[in-house]
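Chain residues, written in single-letter form:
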Number of protein chains: 2
Amino acid sequence: MTCYELVYFDFYFRAEPIRQCLAYGGIKYKDTRVTLSDWPALKKSPKIPYGTLPVLYISGKPLCESHTITRYVAEVTGLDGEGDLLEVARLDQIYELCREFQEATQPYFFALNGLNKEDPAKLKSEVFLPAVDKYFPKILSELQPNYIFGKGKISYVDLYWANIIEFYKRTARDVIEKYPQFMEHERLIKAVPKLQQYFATRPKCPF
Amino acid sequence: MTCYELVYFDFYFRAEPIRQCLAYGGIKYKDTRVTLSDWPALKKSPKIPYGTLPVLYISGKPLCESHTITRYVAEVTGLDGEGDLLEVARLDQIYELCREFQEATQPYFFALNGLNKEDPAKLKSEVFLPAVDKYFPKILSELQPNYIFGKGKISYVDLYWANIIEFYKRTARDVIEKYPQFMEHERLIKAVPKLQQYFATRPKCPF
């Protein structure tokens, strides 16, 4: 039997879509959380081939890169289009779009979390709002009539996007509220039966 | 029968791994090249859902995002690990690493091609060289003993990376020459029998 260990910091951020896919699929894994003080030494060890987290150990063999791990666990748990090549590709393109939004707004995200020393208010107007204007209409156009991205059932893209909206709903609610479809999307994901136990018991993280 | 049309500019850049996968797989497609003067009007048309190129039309239906399209044609042409989940994931993680290098060096790439007004020499030392130092050892560690990334046969990651090396070999040869394994990798890809006709007849582009 394949055994899994996910190594990341005690944050949601890049690991959360991975953890939620695994929870959705009922796949047990060792949830290892590295402290920031342990990280500098660990970063240089051969256990972390690319010097970055998360790493997913699959029966002891490391798989790196958060987006790669997300796609891998999405396939393993049937959250990626389940072999329908065109649906796999459609979800992949929406994921790329959401990822572009996340990367474009990362300086604001970092400022909100004290990970850089820039002024959040300045970044909100200069970085976050232009990205919202650019990406939200495109992402919105990919929602199905039932307010999820996956056709017929939820996908890893829904988990990925709901996590982004969850954070910005807390930190820039005035903006997110103007997109009730995304508020509804996030509410739907939070209500997925297969994720209820996970949401009820996950360690609380600031981001 | 599925019919394909690839729409991009008359550049290699983001379309080239896609074109090479299709050529490798012997898949015929309409190779539409948009002029820069036609682009502003086309960008706003519903034919281009995300307002970006490339777009691959699959029997008339648009698929957006270059990396998505690359993964899709890689699967269709058997260049992605062919259903071996762990090999698919291994290639995906190397692709992410190569992509990070490409994105980190994009300002230098743009300066070399006149797409921004910055000083290439300055960007070479401040952007390109630090990215080479950071990523090349990691990417190198993923080469198999036969100097390709794919296990046993070439993959879309080989095509993607050889295209990056091809460009920087021309524009920063002093740096690339210090990595003879990548010079050899690119030479091997250029010698792939299934790509000979493509390389002999592709329109010559500056980048």
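Residues numbered from 1 in each chain as written. Chains lettered and ligands numbered in written order. Predicted model: local features only at pLDDT ≥ 70, side-chain atom pairs only at ≥ 80, totals over all residues. Heavy atoms only, no water.

Visitor: Just to check I follow, could you spell out the relation of the copies chain A and chain B for this structure?
Guide: What relates the pair of chain copies is a rotation about an axis plus a shift along that axis. Mapping chain A onto chain B calls for a screw motion: a turn of 180° about the axis and a shift of 0.0 Å along it, with 0.0 Å RMSD after fitting. Here the transformation between the copies is reduced to the relation of a two-fold axis. When each C-alpha of chain A is compared by its distance to the rotation axis, Gly83 of chain A comes out closest, at 4.9 Å. Here 100% of the interface residues in chain A have copies in chain B that are interface residues too; the copies meet face to matching face. (Least-squares fit on C-alpha atoms with pLDDT ≥ 70 in both. Contact = heavy atoms within 4.5 Å.)

Visitor: Explain the UniProt feature "domain: GST C-terminal" (unreviewed entry) in chain A to me, please; I cannot follow it from the model alone.
Guide: Here, the residues flagged by UniProt with the feature "domain: GST C-terminal" (unreviewed entry) are residues 84-207 of chain A. Across residues 84-207 of chain A one finds 69% helix and 0% strand; the C-alpha atoms that close the span lie 34 Å apart. (UniProt positions renumbered as here; feature names shortened; annotations may be inferred. Helix = DSSP H or I, 4+ residues; strand = E, 2+ residues; numbered from the N terminus.)

Visitor: Help me understand the domain arrangement of chain A, please; the structure alone is not making it clear to me.
Guide: The extent of an interface is frequently quoted as the accessible surface area lost upon association of the parts. All names here are of chain A. On domain assignment, one finds that chain A holds domain 1 (4-79 + 194-201) and domain 2 (85-192). Of note, the centres of domain 1 and domain 2, computed from C-alpha atoms alone, are 21 Å apart. Contact residues are listed per partner, giving 18 residues for domain 1 and 20 residues for domain 2. Taking both sides of the interface into account, the surface hidden between domain 1 and domain 2 amounts to around 1700 Å²; carbon and sulfur atoms contribute 58%. When the area that domain 1 buries against domain 2 is broken down by residue, the three leading residues are Phe13, His67 and Leu79, summing to 33%. The interface formed by domain 1 and domain 2 contains zero salt bridges. Counting every contact that joins domain 1 to domain 2 gives nine residue pairs in polar contact (both at pLDDT 80 or more). Elements supplying a minimum of two residues to the side of domain 1 that touches domain 2: helix 1 (16-24), helix 3 (66-76) and helix 10 (196-201). (Domains from an automatic or database assignment. Buried area = accessible area lost by both parts, 1.4 Å probe. Salt bridge = Lys/Arg side-chain N within 4 Å of Asp/Glu carboxyl O. Polar contact = N/O pair within 3.5 Å; in protein donor to acceptor, adjacent residues only side chain to side chain.)

Visitor: Even after reading the chapter, I still don't get the environment of Ile165 of chain B, so can you show me in this structure?
Guide: All names here are of chain B. Within the secondary structure, Ile165 is located in helix 7 (residues 156-171). Note: C-alpha distance between Ile165 and Ile176 (11 residues apart in sequence) is 7.5 Å. Discounting chain neighbours no more than four positions away, the residues touching Ile165 are Phe136, Ile176, Phe182 and Glu186.

Visitor: Help me understand the pairing of strand 1 (residues 4-9) of chain B in this model?
Guide: Sheet faces and side chains relate simply in a regular strand, where the side chains alternate between the two faces. All names here are of chain B. Most of strand 1 sits inside the fold, with six of its six residues counted as buried. Relative to strand 2 (residues 30-34), strand 1 is paired through five bridges, and the arrangement is parallel. Across the sheet, residue Leu6 finds its bridge partner in strand 2, namely Asp31. (Buried < 20%, exposed > 50% of the residue type's maximum accessible area, 1.4 Å probe, protein only. Pairing = 2+ DSSP bridges.)

Visitor: What should I look at first to understand the interface of chain A and chain B in this one?
Guide: In this complex, chain A contributes 28 residues to the contact, which on the side of chain B involves 28 residues. Approximately 2300 Å² of surface area, both sides summed, lies buried where chain A meets chain B, with 51% of it carried by carbon and sulfur atoms. The largest per-residue losses of area from chain A upon contact with chain B belong to Tyr50, Leu85 and Gln93 of chain A, which jointly make up 28% of the total buried on that side. Our count for the contact surface shared by chain A and chain B stands at six salt bridges. For the salt bridge of Glu96 of chain B with Arg71 of chain A, the shortest nitrogen-to-oxygen distance reads 2.9 Å. Our count for the chain A to chain B interface comes out at 16 residue pairs in polar contact (both at pLDDT 80 or more).

Visitor: Looking at this structure, I do not really get the UniProt feature "domain: GST N-terminal" (unreviewed entry) in chain A. What am I missing?
Guide: Following the UniProt record, the feature "domain: GST N-terminal" (unreviewed entry) maps to residues 2-81 of chain A here. Taken end to end, residues 2-81 of chain A is 31% helix and 24% strand, and its two terminal C-alpha atoms sit 22 Å from one another.

Visitor: I would appreciate a short explanation of the confidence of the model for chain A in the present structure.
Guide: Predicted coordinates in areas of low pLDDT are best not read in detail. Taken residue by residue, chain A gives an average pLDDT of 97. The fraction at 70 or more is 100%. Prediction confidence for the complex, expressed as pTM and ipTM, is 0.97 and 0.96 respectively. (pLDDT = per-residue confidence, 0-100.)

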